[in-house]
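Coordinates in review
Here is how the chains run, residue by residue.
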Amino acid sequence: RETGMTWSIIARDPVTGRIGIAVATCAFAVGSRVPHIKRGVGAVATQAATNPYFGPRGLAILGAGASADVCVRMLVEADAGRDPRQVHVMDREFQFAARTGSACGPWCG
């Protein structure tokens, strides 16, 4: 069974320093589940079988000073349903980390 695809990207404008998340998908109301940004803290995007807590928890972890790598690791370790999920994070130093679960669709990355 083929399912819809979701594409998301976190980016930073090097001139203004502003960050943003863009999402394209066939899912309804994706803006309430995928993108999470907090100025001066970072950004979290979660997709596939989204975990609605990844955004708020990820921003709290980043807000406490964690790196993107640590944030992804903490989110995933605490999530028993992690295998069908994807998450990517940008921290306040503009470093990235990401994880794609082992049960995501036939093409993912």
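Our subject is the structure that appears above.
Cut-offs applied
- Residues numbered from 1 in each chain as written.
- Predicted model: local features only at pLDDT ≥ 70, side-chain atom pairs only at ≥ 80, totals over all residues.
- Heavy atoms only, no water.
- Phe/Tyr/Trp six-rings, centres within 6.5 Å; stacked < 30°, edge-to-face > 60°.
- Lys NZ or Arg CZ within 6 Å of the ring centre and 35° of its normal.
- Patch = residues over 30% accessible without salt bridge, like charges linked within 9 Å, V, L, I, M, F, W, Y side chains within 5 Å.
- Areas by Shrake-Rupley, 256 points an atom, 1.4 Å probe, with all protein chains shown as cover.
- Salt bridge = Lys/Arg side-chain N within 4 Å of Asp/Glu carboxyl O.
- Buried < 20%, exposed > 50% of the residue type's maximum accessible area, 1.4 Å probe, protein only.
- Pairing = 2+ DSSP bridges.
- Helix = DSSP H or I, 4+ residues; strand = E, 2+ residues; numbered from the N terminus.
- 1 Å grid on protein atoms, 1.4 Å probe; cavity = no way out; pocket = protein on both sides within 12 Å on 5 of 7 lines; lining within 4 Å.
- Points joined across faces, edges and corners; volume = space filled by probe spheres on them.
- Nonpolar A, V, L, I, M, F, W, Y, C, P; charged D, E, K, R; others polar.
- Arc of directions from axis to C-beta.
- Contact = heavy atoms within 4.5 Å.

This part is about the packing of aromatic side chains. Counting across every chain of the model gives zero aromatic pairs. The ring of Phe-94 has Arg-12 sitting right over it, with the charged end atom 3.8 Å from the ring centre.

With that settled, the discussion passes to a nonpolar patch on the surface. Taken together, the side chains of Met-5, Trp-7 and Trp-107 define a hydrophobic patch exposed on the protein surface, amounting to about 370 Å² of accessible area. Given the relative accessible area of 34%, Met-5 is considered partly exposed.

All right, on to the pattern of salt bridges then. Within this structure, the stated rule accounts for one salt bridge. With a shortest N-O distance of 2.5 Å, Asp-79 and Arg-85 are connected by a salt bridge. Taken as a pair, Asp-79 and Arg-85 share a single burial class, namely buried.

This paragraph deals with the pairing of strand 2 (residues 19-25). Sheet topology places strand 1 (residues 6-12) next to strand 2; seven bridges connect them, and they run antiparallel. Bridged to Arg-12 within strand 2 is Ile-19. Between strand 1 and strand 2, which pair antiparallel in sequence order, lie six residues; one of them, Gly-17, sits at a positive phi of approximately 80 degrees.

What follows deals with empty space enclosed by the protein. As enumerated under the stated definition, the model contains one cavity of 30 Å³ or more in all. Roughly 30 Å³ of internal volume is contained in the largest cavity. The wall of the largest cavity is formed by Phe-54, Val-76, Asp-79, Arg-82, Arg-85, Gln-86, Val-87 and Arg-99. At three residues, strand 5 (residues 85-91) tops the list of elements feeding residues into the lining of the largest cavity. When its residues are assigned to classes, the lining of the largest cavity shows three nonpolar, one polar and four charged.

Attention now moves to helix 2 (residues 68-77). Each α-helix winds once per 3.6 residues, and so residues spaced three or four apart point in a common direction. Turning to helix 2, its buried residues number three or more, namely Ala-68, Cys-71, Val-72, Leu-75 and Val-76. Buried residues along helix 2 cover an arc of 120 degrees about the axis, so they all sit on one side. Turning to helix 2, the residues buried within the fold contact helix 1 (54-63), strand 5 and strand 6 (96-100).

Any functional reading would require information that these geometric values do not contain.
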